[in-house]
Amino acid sequence: MVEDGGGGEEEEGAEGEMPATAAVPAPQRCNGFLPGKEAEDGGGRAALAGGGERAAPAEAEAMLAAGGGRLETRLSRRRLAVLAVFSCYSLVNAFQWIQYSILSNVFAGFYGVSFTQIDWLSMVYMVAYVPLILPATWLLDARGLRLTALLGAGLNGLGAWLKCASLAPDRYPITLAAQAVCAVAQVFILGLPSRIASVWFGPTEVSTACAVAVLGNQLGTAIGFLLPPVLVPNTPSDLDLMAHNISIMFYGTAIVSTLLFFLTGVVFEEKPKYPPSPSQAVLQTMPPEDYSYKQSIINLFRNIPFVLLLISYGIMTGAFYSVSTLLNQMIVTHYEGEEVNAGRIGLTLVVAGMVGSIICGLWLDYTKTYKQTTLIVYILSFIGLLVFTFTLDLGYLIVVFVTGGVLGFFMTGYLPLGFEFAVEITYPESEGTSSGLLNASAQIFGIVFTLIQGKLTTDYSPRAGNLFLCAWIFVGIILTALIKSDLRRHNVNSGIMNLDVKAPTVGLGCTGCLWEFNLSLFSLSIKEEQEERNIPALSDEEFDLQVPLTHSGPGGRLRAKGAQPAPPGSGDPG
């Protein structure tokens, strides 16, 4: 239902409105809600009958009228400020992740520790993420977007200030603890891009918004490659000067992080006054009291396409984390004394990836070809890494700049593709939960890949470590090709009703009610348009969408009552 106007929400301009086309019921909650529970509201719902049969659309229309409410969809101007502030504090968090690795030889000399201990300043981000992601996604679902954003921005600032206390050669444990706080902040950051995009942006801009949100993190990595080598040159003979240079970097980061924390408190709201899309309108009508976070997790792991994406996303993103962490070591192995150029190569890699992210986001919003785009980008990333591997030791830095840029364009550009593809194939499950699991997979693969590739690089050569990653990315290509594309969110936003949709194995009630609701909404929107244009309406017999749905047996399929069941193996094309 449309909320009453509140004084705290900005006025919505007419140009930002997307008028609703139909009144809608309060459907049964699907994403993680316990199947079979019915609301105790006055409007009532279509309940499951003894034989699994559902109320006819005529009855559904009567319930719509009884509900008396109409859901409007509008775009809020605040959405751009929310996206900008999130992108900025995500940028600072990514900057703090990579600032040690790109100066691994400098910090190893300053603190008097090994390269492996410096690598752990990067890997602590990955280690912290894995055990904390489930509590963090539960918090996002239970307490909401605003609190999660404040925690991410606040911990980011706290970790930055703690680093300012580690400006002495004997304080490596303090800088490790400070980096661990930043790593915890990351847990409340990485899962938000797809959630912010879905909650605040319309269906024609959601993929681009997700790409921009991810782009903030990538830009932070890019600045982390570029700025630290300039601010902290390698001065092994003057540790006092080195400490002074490091302090400039640490204090500057802390001040910016604090400012962004306060901006987050001012700008972030839980959700806009009106839902921005039909898919969000559906979710906002569903009562929260039946929500089961455990059931949501179970649903995701029973979704085979999502499990395949979970592994393939982890492989690709884990490989990117490993290459980013070890880039300085790879470059200085073949080009001694080129720490600054190593940072510039990293910058080239990430900036090219940012361009790739935006192009992929725009492409997805235009075509909705999620699987095809993801598979093509995966293959081109594999080719890019092979070219980078075999040209790294040619002795020409300009070649490394070019091949690094090509690699980054596809490998970094893949990151928002995975988020958006996951949201599509798991709708109506929580975007934060699916994104969080993807990131957890990436952290696990990132830890393993960094340790093994680092060992191969040290004991043999950078080529050996990169070929190890190539082998795994090839496995990821195969897994991506096996993913079945079922664009559930897109279907709801488009008003598409597929009468042969396979319900989740946990029971019929969940997905079935969503599709029945969508059928009613689609039918009513067509009838309203006919009335507006004075087009003669079809009879119920002619308008063959207006038929009851029935459960076709243990396979969990929904079909029109009286229609022949679909033959085995005739699912939607992948």
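Residues numbered from 1 in each chain as written. Predicted model: local features only at pLDDT ≥ 70, side-chain atom pairs only at ≥ 80, totals over all residues. Heavy atoms only, no water.

Per an unreviewed UniProt entry, the recorded name for the chain is Choline/ethanolamine transporter FLVCR1, and the organism is Limosa lapponica baueri. Quoted straight from UniProt, the Sequence similarities (unreviewed entry) entry for the chain says "Belongs to the major facilitator superfamily. Feline leukemia virus subgroup C receptor (TC 2.A.1.28.1) family." (UniProt positions renumbered as here; feature names shortened; annotations may be inferred.)

Before going further, it helps to spend a moment on the overall build of the chain. Helices and strands together make up the secondary structure of the chain, namely 20 helices and four strands. When each of the 574 residues of the chain is scored for burial, the buried share is 58%. In the chain, the proportion of contacts linking residues at least 24 apart, taken out of those at least 6 apart, comes to 83%. Entry remark: accessible area of the chain is about 22,300 Å², with carbon and sulfur atoms responsible for 64%. (Helix = DSSP H or I, 4+ residues; strand = E, 2+ residues; numbered from the N terminus. Buried < 20%, exposed > 50% of the residue type's maximum accessible area, 1.4 Å probe, protein only. Contact = heavy atoms within 4.5 Å. Areas by Shrake-Rupley, 256 points an atom, 1.4 Å probe, with all protein chains shown as cover.)

Attention shifts here to the packing of helix 14 (residues 370-391) against helix 18 (residues 462-481). The geometry of helix 14 relative to helix 18 is characterised by a closest axis approach of 9 Å and an angle of 165 degrees between their N-to-C directions. With respect to each other, helix 14 and helix 18 are oriented roughly antiparallel. As for the relative orientation of helix 14 and helix 18, their crossing is left-handed in sense. Between helix 14, through K371, T374, L375, Y378, I379, F382, L385, L386, F388, T389 and F390, and helix 18, the contact on the second element is made entirely by R463, N466, L467, L469, C470, I473, F474, G476, I477, T480 and A481. Along the lines of polarity and charge, the residues of the contact of helix 14 with helix 18 split into 15 nonpolar, five polar and two charged. (Axes fitted to C-alpha atoms, helices over the stretch in contact; angles between N-to-C directions. Parallel < 35°, antiparallel > 145°, perpendicular 65-115°, else oblique. Left-handed = near helix turned anticlockwise from the far one by under 90°. Nonpolar A, V, L, I, M, F, W, Y, C, P; charged D, E, K, R; others polar.)

Before going further, it helps to examine the nonpolar core. The biggest cluster of nonpolar side chains holds 127 residues, and the ones touching the most others in it are Y89, F107, I196, F250, F268 and I473. No other element matches the 14 residues that helix 12 (residues 304-334) contributes to this core. Split by domain, this core shows at least three residues from each of two domains, domain 1 (76-278) and domain 2 (295-495). Each residue touching I473, except ones within four places of it in the same chain, is listed here: I315, M316, A319, Y378, F382, L385 and M411. (Core = buried A, V, L, I, M, F, W, Y, C linked by side-chain atoms within 4.5 Å. Domains from an automatic or database assignment.)

Before going further, it helps to examine the packing of aromatic side chains. Given two aromatic rings, one states the distance between the centres and the angle between the planes to describe the pair. For the structure on display, the rule yields 18 aromatic pairs. When the centroid spacing of 6.1 Å and the interplanar angle of 15 degrees are considered together, the rings of F107 and Y111 count as stacked. Separated by four residues within a single helix, F107 and Y111 lie in helix 3 (residues 104-111), roughly one turn from each other. Overall, F107 belongs to the buried group, its relative accessible area being 0%. Look at F110 and Y111: their rings are 5.0 Å apart centre to centre, the planes differ by 75 degrees, and that puts the pair in the edge-to-face class. Take F110 and Y111: they sit in the same class, and that class is buried. (Phe/Tyr/Trp six-rings, centres within 6.5 Å; stacked < 30°, edge-to-face > 60°.)

Gaps between atoms show up when a probe of the same size as a water molecule is rolled over them. Inspection of every chain in the model, using the stated rule, returns four cavities of 30 Å³ or more. There is about 270 Å³ of room inside the largest cavity. Contributing to the lining of the largest cavity are 25 residues, with L190, N217, Y321, L415 and N439 lying nearest its centre. Mapped onto the lining of the largest cavity, the elements with two or more residues apiece are helix 2 (78-98), helix 4 (115-143), helix 8 (206-231), helix 12, helix 16 (414-426) and helix 17 (431-459). Looking at the lining of the largest cavity residue by residue, the class counts come to 15 nonpolar, ten polar and no charged. Both domains that furnish three or more residues to the lining of the largest cavity are identified here as domain 1 (76-278) and domain 2 (295-495). (1 Å grid on protein atoms, 1.4 Å probe; cavity = no way out; pocket = protein on both sides within 12 Å on 5 of 7 lines; lining within 4 Å. Points joined across faces, edges and corners; volume = space filled by probe spheres on them.)

Bringing helix 5 (residues 145-163) into the picture now. Given 3.6 residues to a turn, an α-helix orients residues that are three or four positions apart in the same direction. Helix length check: helix 5, at 19 residues, gives a terminal C-alpha distance of 28 Å against a target of 27 Å (1.5 Å per residue), a fit within 8%. Looking at the buried side of helix 5, the elements it contacts are helix 2, helix 4, helix 6 (172-187), helix 7 (192-200) and helix 9 (239-267). (Expected span 1.5 Å × (residues − 1).)

Two numbers describe how helix 4 lies on helix 5: the axes approach to 7 Å, and their chain directions differ by 140 degrees. Between helix 4 and helix 5, the crossing angle belongs to the class labelled oblique. In this structure, helix 4 contributes L139, L140 and R143 to the contact, and helix 5 contributes L145, L147, T148 and L151. When the residues that make up the contact of helix 4 with helix 5 are grouped by side-chain class, the tally is five nonpolar, one polar and one charged.

Now for a nonpolar patch on the surface. Taken together, the side chains of W120, V127, I444, V448, L451 and I452 present a nonpolar region at the surface, about 460 Å² in accessible area. Elements with a minimum of two residues in the nonpolar patch: helix 4 and helix 17. Ranked by residue count, the leading element in the nonpolar patch is helix 17, at four residues. Along the polypeptide, I452 turns up in helix 17. (Patch = residues over 30% accessible without salt bridge, like charges linked within 9 Å, V, L, I, M, F, W, Y side chains within 5 Å. Salt bridge = Lys/Arg side-chain N within 4 Å of Asp/Glu carboxyl O.)

Our focus in this paragraph is the environment of E429. Structurally, the position occupied by E429 is in the loop between helix 16 and helix 17. Look at E429 and you get buried, because its relative accessible area is 10%. The spacing of E429 and Y293 is 136 residues in sequence and 9.8 Å in space, taken between C-alpha atoms.

Where charged atoms from two side chains of opposite charge come close, those side chains can pair. In this structure the tally under the stated criterion is four salt bridges. The salt bridge partner of R463 is D393, with a shortest N-O separation of 3.3 Å. Here D393 lies in the loop between helix 14 and helix 15 (397-411) and R463 lies in helix 18, a separation of 70 residues in the sequence. Residue R463 is classed as partly exposed on the basis of its relative accessible area of 31%.

A few words on helix 6. The end-to-end C-alpha distance of helix 6 is 23 Å, a good match for the 22 Å that 16 residues give at a rise of 1.5 Å each. By the burial criterion, the buried members of helix 6 are Y172, T175, A178, Q179, V181, C182, A183, A185, Q186 and V187. Tucked into the core, helix 6 has its buried residues touching helix 2, helix 3, helix 4, helix 5, helix 9 and helix 17.

With that settled, consider the environment of A209. Along the polypeptide, A209 turns up in helix 8. Sequence-wise, A209 and P193 are 16 residues apart; in three dimensions their C-alpha atoms are separated by 7.9 Å. Discounting residues that sit within four places of it in the chain, A209 has contacts with L83, A197 and F201.

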